[in-house]
Amino acid sequence: MADLKRWAKTMSDTPPDELKLNDLMFKALDHAVFSIEDNGETLIPFSLTEDATGQRTLTRYVADRVEIGVEEGKKKIEAAKSDILRYALAYDGYLTLEGTRWEGLFVEAGDRVAESGVLLCQRYQRKKGWFKKGIEPVGNPALVGKPPSRIK
């Protein structure tokens, strides 16, 4: 019960803009996992943006290489900064932890309020076996960086 009270206090002390950014960021992460969990293919980079009316827009960035799609997404977000309040950009990549290289789904998110954004990573492994396709998340999403907000 004490943990629930502590959580409720923490949530009541969290600014509304931060809650909205967290919601957008985790919706993007959920969508990224859902997009490849059954087939295991590389995630096509995408952004989720939210405007002043609360309208959310999902945009995919198809390119020959993931890196090109990610860069295109970053440029499109920066170009639309006068029209959006917050964004989340999701892509497939790699994370090295304690000498081990992991595949991971990354989400960079930011808003107009905070100077820095956040960069989350959800590690995953490919399902093993003759008939198994897809991925399995490993552990919990982790904060791996604080890039500058692209729309500040």
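Residues numbered from 1 in each chain as written. Predicted model: local features only at pLDDT ≥ 70, side-chain atom pairs only at ≥ 80, totals over all residues. Heavy atoms only, no water.

### What to know about the overall build of the protein
Along the backbone of the protein there are three helices and seven strands. Traced from its N-terminal end to its C-terminal end, the protein shows the element sequence α-α-β-β-α-β-β-β-β-β. The C-alpha radius of gyration computed for the protein amounts to 16 Å, which stays within 12% of the reference 15 Å derived for 152 residues, consistent with globular compactness. Taking the principal axes of its C-alpha atoms as reference, the protein extends roughly 50 × 45 × 30 Å. When each of the 152 residues of the protein is scored for burial, the buried share is 38%. For the protein, contacts bridging at least 24 residues in sequence account for 55% of all contacts bridging at least 6. Just so you have it, the protein exposes about 9400 Å², and 54% of that area is on carbon and sulfur atoms. Looking at charge distribution, the protein has the averaged site of its 24 positive side-chain charges lying 2 Å from that of its 24 negative ones. (Helix = DSSP H or I, 4+ residues; strand = E, 2+ residues; numbered from the N terminus. Rg over C-alpha atoms; globule rule 2.2 N^0.38 Å. Buried < 20%, exposed > 50% of the residue type's maximum accessible area, 1.4 Å probe, protein only. Contact = heavy atoms within 4.5 Å. Areas by Shrake-Rupley, 256 points an atom, 1.4 Å probe, with all protein chains shown as cover. Lys, Arg positive; Asp, Glu negative; His and termini not counted. Charge placed at Lys NZ, Arg CZ, Asp CG, Glu CD.)

### Brief notes about the side chain of aspartate 111
Looking at the element boundaries, aspartate 111 is found in strand 4 (residues 100-111). Arginine 86 provides the closest opposite charge to the buried, salt-bridge-free aspartate 111, at an N-O distance of 5.1 Å. At a separation of 3.0 Å, a polar atom in the side chain of aspartate 111 contacts the main-chain amide nitrogen of valine 113. (Salt bridge = Lys/Arg side-chain N within 4 Å of Asp/Glu carboxyl O. Polar contact = N/O pair within 3.5 Å; in protein donor to acceptor, adjacent residues only side chain to side chain.)

### Comments concerning the environment of glutamate 67
Among the secondary structure elements, glutamate 67 is positioned in helix 3 (residues 66-79). Looking at glutamate 67, the relative accessible area reads 48%, which means it is partly exposed. When the C-alpha atoms of glutamate 67 and glycine 93 are compared, they prove to be 9.0 Å apart, with 26 residues separating the residues in sequence.

### As for the layout of surface pockets
In this structure, the largest pocket encloses a volume near 260 Å³. What lines the largest pocket is a set of 14 residues, and nearest its centre among them are Glu18, Leu21, Asp111, Ala114 and Val118. Those elements giving two or more residues to the lining of the largest pocket turn out to be helix 2 (16-36) and strand 4. The dominant element in the lining of the largest pocket, judged by the number of residues it contributes, is helix 2, at five residues. Of the residues in the lining of the largest pocket, the class split is seven nonpolar, three polar and four charged. Lining the second largest pocket, in full, are Thr42, Val66, Glu67, Val70, Tyr91, Asp92, Gly93, Tyr94, Glu103, Tyr124 and Arg126. For the lining of the second largest pocket, the secondary structure elements donating two or more residues are helix 3, strand 3 (86-97) and strand 5 (118-126). Sorting elements by how many residues they give to the lining of the second largest pocket places strand 3 first, with four residues. Its residues assigned to classes, the lining of the second largest pocket comprises five nonpolar, two polar and four charged. (1 Å grid on protein atoms, 1.4 Å probe; cavity = no way out; pocket = protein on both sides within 12 Å on 5 of 7 lines; lining within 4 Å. Points joined across faces, edges and corners; volume = space filled by probe spheres on them. Nonpolar A, V, L, I, M, F, W, Y, C, P; charged D, E, K, R; others polar.)

### Some points on the nonpolar core
Taken as a class, soluble globular proteins show a tendency for nonpolar side chains to be buried jointly. With 19 residues, the main nonpolar core has Leu43, Leu105 and Val107 as its most contacted residues. Elements represented by at least two residues in this core include exactly helix 2, strand 1 (46-50), strand 3, strand 4 and strand 5. With eight residues, helix 2 is the single largest residue contributor to this core. Once residues lying within four places of it in the same chain are set aside, the contact partners of leucine 43 are Ala32, Ser35, Ile36, Val66, Ala90, Tyr91, Asp92 and Leu105. The next biggest cluster of nonpolar side chains, apart from the first, holds 12 residues, and it includes Ile77, Leu95, Cys121 and Ile151. (Core = buried A, V, L, I, M, F, W, Y, C linked by side-chain atoms within 4.5 Å.)

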